[in-house]
Amino acid sequence: MLPQGEMRLEQKTEQNVTLHGFNNLTKSLSFNMYDICYTKTKAEREAYIEYIDEQYNAERLTNILKNVSDIIGAHVLNVAQQDYVPQGASVTVLVSEGPVVEVPTESYEESPGPLPENVVLQLDKSHITVHTYPEYHPTEGISTFRADIDVSTCGEISPLKALNYLIRSFDTDLMTIDYKVRGFTRDIHGYKLFIDHDISSIQNYIPEEIKVLFHMIDVNVYQDNIFHTKCKRRQFDLNNYLFGYTKDKLTPEEQEDITKQLQIEMDEIYYGKNIVN
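> Honestly, the environment of Ile36 in this entry has me stumped. Any pointers?
Within the secondary structure, Ile36 sits in strand S1 (residues 26-38). Taking relative accessible area as the criterion, Ile36 reaches 1% and is therefore assigned buried. The spatial distance from the C-alpha of Ile36 to the C-alpha of Glu265 is 8.1 Å, given a sequence separation of 229 residues. Residues within four places of Ile36 in sequence aside, it is in contact with Ile142, Ser143, Thr144, Asp173, Leu174, Tyr241, Leu262, Glu265, Met266 and Ile269.

> Please clarify how unusual backbone geometry should be interpreted in this entry.
Excluding glycine, most residues fall at negative phi; most peptide bonds, likewise, are trans. Cis peptide bonds are those with omega within 30 degrees of zero, and the linkage from Val85 to Pro86 qualifies with 15°. Summarising the element assignment, Pro86 is placed in the loop between strand S2 (74-83) and strand S3 (89-97). In the Ramachandran plot, Asn225 falls in the positive-phi region, its phi being about 55° despite a non-glycine side chain. Considering the arrangement of structural elements, one finds Asn225 in the loop between strand S9 (214-218) and strand S10 (226-233).

> In this structure, what is going on with the packing of aromatic side chains? I would like to understand it.
The description of an aromatic ring pair uses the distance of the two centres, along with the angle that the planes make with each other. A complete count under the given rule lists 10 aromatic pairs for this structure. When the ring of Tyr56 is compared with that of Phe170, the centres are 5.4 Å apart and the planes differ by 20°; the resulting orientation is stacked. In this pair, Tyr56 is assigned in the loop between helix H2 (42-55) and helix H3 (58-71) and Phe170 in the loop between helix H4 (163-169) and strand S6 (174-182), connecting sequence segments 114 residues apart. The structure contains a cluster of three or more aromatic residues connected by ring pairs, namely Phe31, Tyr56, Phe145 and Phe170. Geometry around Tyr136 places Arg45 over its ring, the cationic atom sitting 4.0 Å from the centre. The side chain of Lys192 reaches across the aromatic face of Phe184, ending 5.4 Å from its centre.

> Is there a simple way to think about the layout of surface pockets in this case?
Over the atoms rolls a probe the size of a water molecule, and in doing so it shows where empty space is left. Looking at the largest pocket, its volume works out to about 470 Å³. Surrounding the largest pocket, 20 residues form its lining, Asp35, Asp171, Asp173, Asn240 and Tyr241 being those nearest its centre. Secondary-structure elements contributing two or more residues to the lining of the largest pocket are S1 and H2. Of the residues assigned to the lining of the largest pocket, the class counts are 11 nonpolar, three polar and six charged.

> Whenever I open this one, the environment of Thr129 confuses me. Can you help?
With respect to the element layout, Thr129 can be found in strand S4 (residues 124-136). Thr129 sits in the buried class, given a relative accessible area of 11%. When residues no more than four places from it in sequence are discounted, the contact partners of Thr129 are Leu65, Val91, Thr92, Asp148, Ile149 and Asp150.

> Is there a simple way to explain the side chain of Thr26 in this structure?
Summarising the element assignment, Thr26 is placed in strand S1. For Thr26, a relative accessible area of 17% gives the class buried.

> Is there a simple way to explain the nonpolar core in this structure?
The nonpolar side chains of soluble globular proteins are, as a tendency, buried together. In terms of nonpolar packing, the biggest core is built from 49 residues, with Phe31, Leu163, Phe170 and Ile177 touching the most fellow members. Broken down by element, the residue count for this core peaks at six residues, all from H3. Excluding anything up to four places from it in sequence, Phe31 contacts Ala147, Asp148, Ile149, Leu163, Leu166, Ile167, Phe170, Met175, Thr176 and Ile177. In this structure, Tyr34, Leu174, Ile258 and Met266 belong to the second largest nonpolar core, which totals 14 residues.

Parameters and conventions
Residues numbered from 1 in each chain as written. Predicted model: local features only at pLDDT ≥ 70, side-chain atom pairs only at ≥ 80, totals over all residues. Heavy atoms only, no water. Helix = DSSP H or I, 4+ residues; strand = E, 2+ residues; numbered from the N terminus. Buried < 20%, exposed > 50% of the residue type's maximum accessible area, 1.4 Å probe, protein only. Contact = heavy atoms within 4.5 Å. Phe/Tyr/Trp six-rings, centres within 6.5 Å; stacked < 30°, edge-to-face > 60°. Lys NZ or Arg CZ within 6 Å of the ring centre and 35° of its normal. 1 Å grid on protein atoms, 1.4 Å probe; cavity = no way out; pocket = protein on both sides within 12 Å on 5 of 7 lines; lining within 4 Å. Points joined across faces, edges and corners; volume = space filled by probe spheres on them. Nonpolar A, V, L, I, M, F, W, Y, C, P; charged D, E, K, R; others polar. Core = buried A, V, L, I, M, F, W, Y, C linked by side-chain atoms within 4.5 Å.

Below, the structure is given as structure tokens:
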């Protein structure tokens, strides 16, 4: 296992080598967001699920993925979209390389990516997908909504450049972000290259004005080019988690009990385990 510093030095060198054929590295970004809501009654729960299904229907999700394609400079080849009954939606977009004037040097920089309409980058043989999962607790008043978005690319650009836009497209309490570089490509001498850019943390692709809003934890396996970041919103306002009314309609005891339920739900998702009182 190479020390972290040595591995990064090798990556710096790789940026300047001549490849043998196409860059065959596959770079995969998985962006998972959660919305949490307290729904006291069956009617509230049904209204929340209906609201989520309307807010994140297949048509809107398709528009988000098409914007991601624009950001990474891709041509959309095919779109498959589906709204499910009783709830949820899926969209799959197949994309190919878009027009590139020259390979952008900023592709390799650890910095937040652009928003739509102001960049063209390189991509090929890739896909973008999203699936939504509305669900609720069987006995307590917690409802959750999860959206899983996967951006898989081959070529020069990292899909992490789409992360800034994806975060801004969803009003989320919790985010789980995974990034992995798979496979290898070769230089003209046959030497295998397992990554073609420096990366120390997914957090470096998230703007500062967003990072200050979240607690963040990194779990990275540098030698295997695996990067993982979990994010949980710092500030808690009960009004943001009630559907159809505000906390002034609740007694202090109810406010305390609901706050506890919501915070346990968020902590369990954030830490990936059940918390026993």
